[in-house]
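Structural features, examined
Each chain, letter by letter, is given below.
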Amino acid sequence: MGGDPADALPLRDGRPAEHDFALWEKRVDALMVLMTTKGHFTVDGLRRAIEDMGPEAFETMSYYDRWIAAVNQNLVESGVYTLSELGQRMEQVARRGPTYGQASLAGA
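Residues numbered from 1 in each chain as written. Predicted model: local features only at pLDDT ≥ 70, side-chain atom pairs only at ≥ 80, totals over all residues. Heavy atoms only, no water.

**Concerning the confidence of the model for the protein**
- Residue-level pLDDT values for the protein average 86, and 80% of them are 70 or greater.
- The lowest-confidence element of the protein is strand E1 (residues 11–12), averaging 60 in pLDDT; the highest-confidence one is helix H4 (residues 63–77), averaging 97. (pLDDT = per-residue confidence, 0-100. Helix = DSSP H or I, 4+ residues; strand = E, 2+ residues; numbered from the N terminus.)

This is how it looks when you write it as structure tokens:
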């Protein structure tokens, strides 16, 4: 959060340590870029949605958890889909199985 010291960041050679991004994190980033390019929302809209989450989000959610929640909020607000449509789609995806491998088999 703004104003908090950054001394908790892991350092490597005196610089913040880089980490490999998980596939879902890369997809969240790509989705944000695609949706802003398509004009569904702006980076300012993303920031506003993240700030609207309040301080508890910064204590309980990861960086990309906050991003995907903010992207979702902006897409709902811009009418890309409704919360009901999202819920239905999430149920369809959940029925495929809890892992990517099981989902791949379900689609075969």
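We are not done yet, so read on.
**As for the side chain of Asn 74**
- Take Asn 74: it is sitting in helix H4.
- At 2.9 Å, the side chain of Asn 74 forms a polar contact with the backbone oxygen of Ala 70.
- Excluding anything up to four places from it in sequence, Asn 74 contacts His 40, Phe 41, Gly 45, Leu 46, Arg 48 and Ala 49. (Polar contact = N/O pair within 3.5 Å; in protein donor to acceptor, adjacent residues only side chain to side chain. Contact = heavy atoms within 4.5 Å.)

**A closer look at the nonpolar core**
- Met 32, Phe 41, Leu 46, Ile 50, Trp 67, Ala 70 and Val 71 are the most contacted members of the largest nonpolar core, which totals 14 residues.
- When contributions to this core are tallied by element, the ones reaching two or more residues are helix H1 (23–37), helix H2 (43–52) and H4.
- Per element, the largest residue contribution to this core is five residues, and it comes from H4.
- Those residues within four positions of Phe 41 in sequence are excluded, and the remaining contacts are Met 32, Met 35, Thr 36, Leu 46, Val 71, Asn 74 and Leu 75. (Core = buried A, V, L, I, M, F, W, Y, C linked by side-chain atoms within 4.5 Å. Buried < 20%, exposed > 50% of the residue type's maximum accessible area, 1.4 Å probe, protein only.)

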